[in-house]
Amino acid sequence: LAKFPESRIIIFATFRDMVQQIVEYLAKRGIEAERFVGQATKDSDRGLSQKKQIDALRRFREGEFRVLVATSVGEEGLDVPSTDMVIFYEAVPSEIRSIQRKGRTGRSGSGRIVVLVTKGTSDETYRWVSQSRERAMISGIRMLGSRMEGKAEQETAATIDAPLQKKIEEFIP
């Protein structure tokens, strides 16, 4: 943050209490951060209304604070073009959630992703599972893409030939 004053960072944590701990930890070190959690109220932890969520995102985009600490509510639908870095406080086992989180960065340039993994814990397993599922998904998409490309070429040829076929049918009874 000191080296790149215009940068924005999103930190993802699974649990609300960890989100709050991270925000407090950063505040003690002079880094202004805000939490971004869902609307539901759990025990003494009050959620953020949709209005407060929208306001937090606006202020984050505008640079009022540079670190947004979020639960899974921040994985989808956030348009924060200037986010330079995404940090996973812990690994997630779901390839979809991992891809969604990664997708929050690099929209208007290059972005960086950091996944914190505690050695000897389930974090290692989650990271491995997520990474191998992502690779399998990407491989499947590429395979499907090449099949669709071939099909699209056939359909394009048929579409181009259709007007010609119609003209031929007009002249041949």
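These remarks concern the structure in this document.

**Here we look at the overall build of the chain**
When helices and strands are tallied, the chain shows four helices and five strands. Ordered by position from N to C terminus, the α and β elements of the chain give β-α-β-α-β-β-α-β-α. Burial analysis of the chain (173 residues in total) assigns 29% to the buried set. Long-range pairs, those at least 24 residues apart, make up 66% of the contacts in the chain with a sequence separation of at least 6. When the accessible area of the chain is evaluated, it comes to approximately 11500 Å², of which 55% is carbon and sulfur surface.

**Considerations on the sheet that holds strand β4 (residues 83–88)**
With respect to topology, five strands assemble into an open sheet ordered β2-β3-β1-β4-β5, the strand pairing being parallel. What marks the edges here is a single partner per strand, and that holds for β2 (33–36) and β5 (112–115). When strand polarity is set aside, the average angle formed by the axes of neighbouring strands in this sheet is 20°. As paired strands, β2 and strand β3 (residues 67–70) are joined by four bridges and run parallel to one another. Bridging across to β3, Arg 35 finds its partner in Val 69. Helix-sheet contacts for helix α2 (residues 50–61) involve β1 (8–12), β2, β3 and β4, and the interaxial angle to β2 is about 145°. Running over the sheet, helix α3 (residues 95–102) touches β1, β4 and β5 and is turned about 150° from β4.

**Some remarks on the pattern of salt bridges**
Considering all chains together, one arrives at six salt bridges under this definition. Between Glu 34 and Arg 59 there is a salt bridge; the shortest N-O distance is 2.5 Å. Highlighted residues: Glu 34 in strand β2 and Arg 59 in helix α2, separated in sequence by 25 residues. Residue classification places Arg 59 among the buried positions, given a relative accessible area of 16%. Here Glu 62 makes a salt bridge to Arg 58, at a shortest N to O gap of 2.8 Å. Several salt bridges share partner residues, and in doing so they unite Glu 34, Asp 55, Arg 58, Arg 59, Glu 62 and Glu 64 into one network.

**Re the environment of Arg 29**
Here Arg 29 shows up in the loop between α1 (16–28) and β2. Among the residues examined, Arg 29 registers a relative accessible area of 48% and is labelled partly exposed. Engagement of the side chain of Arg 29 in a polar contact is seen with the backbone oxygen of Tyr 25, the distance being 3.1 Å.

**Re the nonpolar core**
With 14 residues, the main nonpolar core has Ile 9, Ile 11, Ile 22, Leu 26, Val 67 and Val 69 as its most contacted residues. Mapped by element, the contributors of at least two residues to this core are β1, α1, β3 and β4. Here this core takes four residues from α1, the largest share from any one element. Those residues in contact with Ile 11 that sit more than four places away from it in its chain are Ile 22, Leu 26, Val 67, Leu 68, Val 69, Ala 70, Ile 87 and Tyr 89. The next biggest cluster of nonpolar side chains, apart from the first, holds 13 residues, and it includes Phe 36, Phe 60, Ala 70 and Leu 78.

**Considering the packing of aromatic side chains**
All told, the structure shown has one aromatic pair when counted by the stated rule. Seen in terms of ring centroids, Phe 60 and Phe 65 are 5.6 Å apart; in terms of plane orientation they differ by 35°. Their pairing is tilted. Relative accessible area serves as the criterion here: at 0%, Phe 60 is assigned to the buried category. A residue is classified by how much of its surface remains accessible, and Phe 65, at 1% relative accessible area, is buried.

What counts as what
- Sequence order as written defines the numbering, with residues in each chain counted from 1.
- Given that the model is predicted, a residue must reach a pLDDT of at least 70 before its local features are reported, and side-chain atom pairs must reach 80 or more before they are shown or counted; all residues, however, enter totals for whole chains, interfaces and linings.
- Working from all heavy atoms in the structure, the side-chain values ignore hydrogens and water.
- Per the convention used, a helix needs a DSSP run of H or I reaching at least four residues, while a strand needs a run of E reaching at least two, with both numbered from the N terminus.
- Accessibility here uses a 1.4 Å probe with only protein chains present; expressed as a share of the type maximum, an area under 20% marks a residue as buried, one over 50% as exposed, and anything in between as partly exposed.
- Should any heavy atoms of two residues lie within 4.5 Å, those residues are considered in contact.
- Accessibility throughout is a Shrake-Rupley quantity obtained with a 1.4 Å probe, and a residue counts as covered only by protein chains that appear here.
- Pairing between strands is defined by DSSP: at least two bridges between the two strands are required.
- Think of each axis as a best-fit line through the C-alpha atoms, taken over the contacting stretch in the case of a helix, with angles from 0 to 180 degrees between the N-to-C directions.
- The rule for a salt bridge is simple: a side-chain nitrogen of Lys or Arg has to be within 4 Å of a carboxyl oxygen of Asp or Glu.
- The definition of a polar contact used here is a pair of N or O atoms within 3.5 Å, where within protein one atom must be able to donate a hydrogen and the other to accept one, and adjacent residues in sequence count solely through side-chain atom pairs.
- Buried Ala, Val, Leu, Ile, Met, Phe, Trp, Tyr and Cys residues form a nonpolar core when they are joined through side-chain atoms within 4.5 Å.
- In this scheme Phe, Tyr and Trp rings, the latter by its six-membered ring, pair at centre separations within 6.5 Å, and the angle between planes marks the pair as stacked below 30 degrees, edge-to-face above 60, and tilted otherwise.

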